[in-house]
Amino acid sequence: FTLTEPGSYAVTFHSNLAPATGASFPLTVSLALEQDGAVVPASVVQHTFNSATESATVSFNVPVQATSAPSTLEVAGQGGDFLYSAATANIYKIG
């Protein structure tokens, strides 16, 4: 998502995660909000899967300051093969 105006924003994110078929365990995955390629502090969520039948719900709610525009926001994942579902993100301009 691209912020087109400078200002203060609140970003919320929620998703369900599960290991992909063929994953090796334990499998630790993490998601984080990135602003212009840099991780936003306090946005990192992590879960360790121990079996193929496990699932997890992750979420974060963080403030973001856009000092100039445009500013790009992206949720990036790392750590192995995993699936996500029911992912939602909301961005609110608060100042």
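Throughout what follows, the structure given in this document is the object of discussion. Computed from a predicted model, the values in this text were never measured in an experiment.

**Considering the environment of Glu5**
Okay, so step 1: Residue position: Glu5 is located in the loop between β1 (2-3) and β2 (7-19).
Okay, so step 2: Overall, the relative accessible area of 43% leaves Glu5 in the partly exposed class.
Okay, so step 3: Glu5 sits 61 residues away from Ala66 along the chain, and the two C-alpha atoms are 7.5 Å apart.
Okay, so step 4: A distance of 2.8 Å separates polar atoms of two side chains, one belonging to Glu5 and the other to Lys93.

**Some thoughts on the pairing of strand β7 (residues 71-78)**
Okay, so step 1: Of the pairings in the sheet, the one linking β1 to β7 comprises two bridges and is antiparallel in character. Directly across from Thr2, in β7, lies its bridge partner Thr72.
Okay, so step 2: Here strand β3 (residues 27-35) runs beside β7; their pairing, made up of six bridges, is antiparallel. The residue of β7 that forms the bridge with Ser30 is Gln78.

**Quick word on the nonpolar core**
Okay, so step 1: Core analysis: the largest hydrophobic core is formed by 21 residues, its most contacted members being Val11, Leu17, Leu31, Leu33, Phe60 and Val64.
Okay, so step 2: Elements represented by at least two residues in this core include exactly β2, β3, β5 (45-49) and β6 (56-66).
Okay, so step 3: With six residues, the single largest contributor to this core is β6.
Okay, so step 4: When sequence neighbours within four positions are dropped, the list of residues in contact with Leu33 reads Val11, Ala38, Val39, Val40, Ser43, Phe60, Val62, Val64, Leu73, Glu74 and Val75.

**Some details on unusual backbone geometry**
The bulk of non-glycine residues show a negative phi, and the bulk of peptide bonds are trans.
Okay, so step 1: In the segment running from Phe25 into Pro26, the intervening peptide bond is cis, with an omega of 0°.
Okay, so step 2: With respect to the helices and strands, the residue Pro26 is situated in the loop between β2 and β3.
Okay, so step 3: Cis geometry marks the peptide bond from Ala69 to Pro70; its omega dihedral reads 0°.
Okay, so step 4: Positive phi, close to 75°, is recorded for Ala42, a residue that is not glycine.

**A short note on the environment of Leu33**
Okay, so step 1: In this fold, Leu33 is placed in strand β3.
Okay, so step 2: For Leu33 and Phe60, which are 27 residues apart along the polypeptide, the C-alpha to C-alpha distance reads 8.9 Å.

Conventions adopted
- Residues numbered from 1 in each chain as written.
- Predicted model: local features only at pLDDT ≥ 70, side-chain atom pairs only at ≥ 80, totals over all residues.
- Heavy atoms only, no water.
- Helix = DSSP H or I, 4+ residues; strand = E, 2+ residues; numbered from the N terminus.
- Buried < 20%, exposed > 50% of the residue type's maximum accessible area, 1.4 Å probe, protein only.
- Polar contact = N/O pair within 3.5 Å; in protein donor to acceptor, adjacent residues only side chain to side chain.
- Pairing = 2+ DSSP bridges.
- Core = buried A, V, L, I, M, F, W, Y, C linked by side-chain atoms within 4.5 Å.
- Contact = heavy atoms within 4.5 Å.

This is a description of form; function is not addressed.
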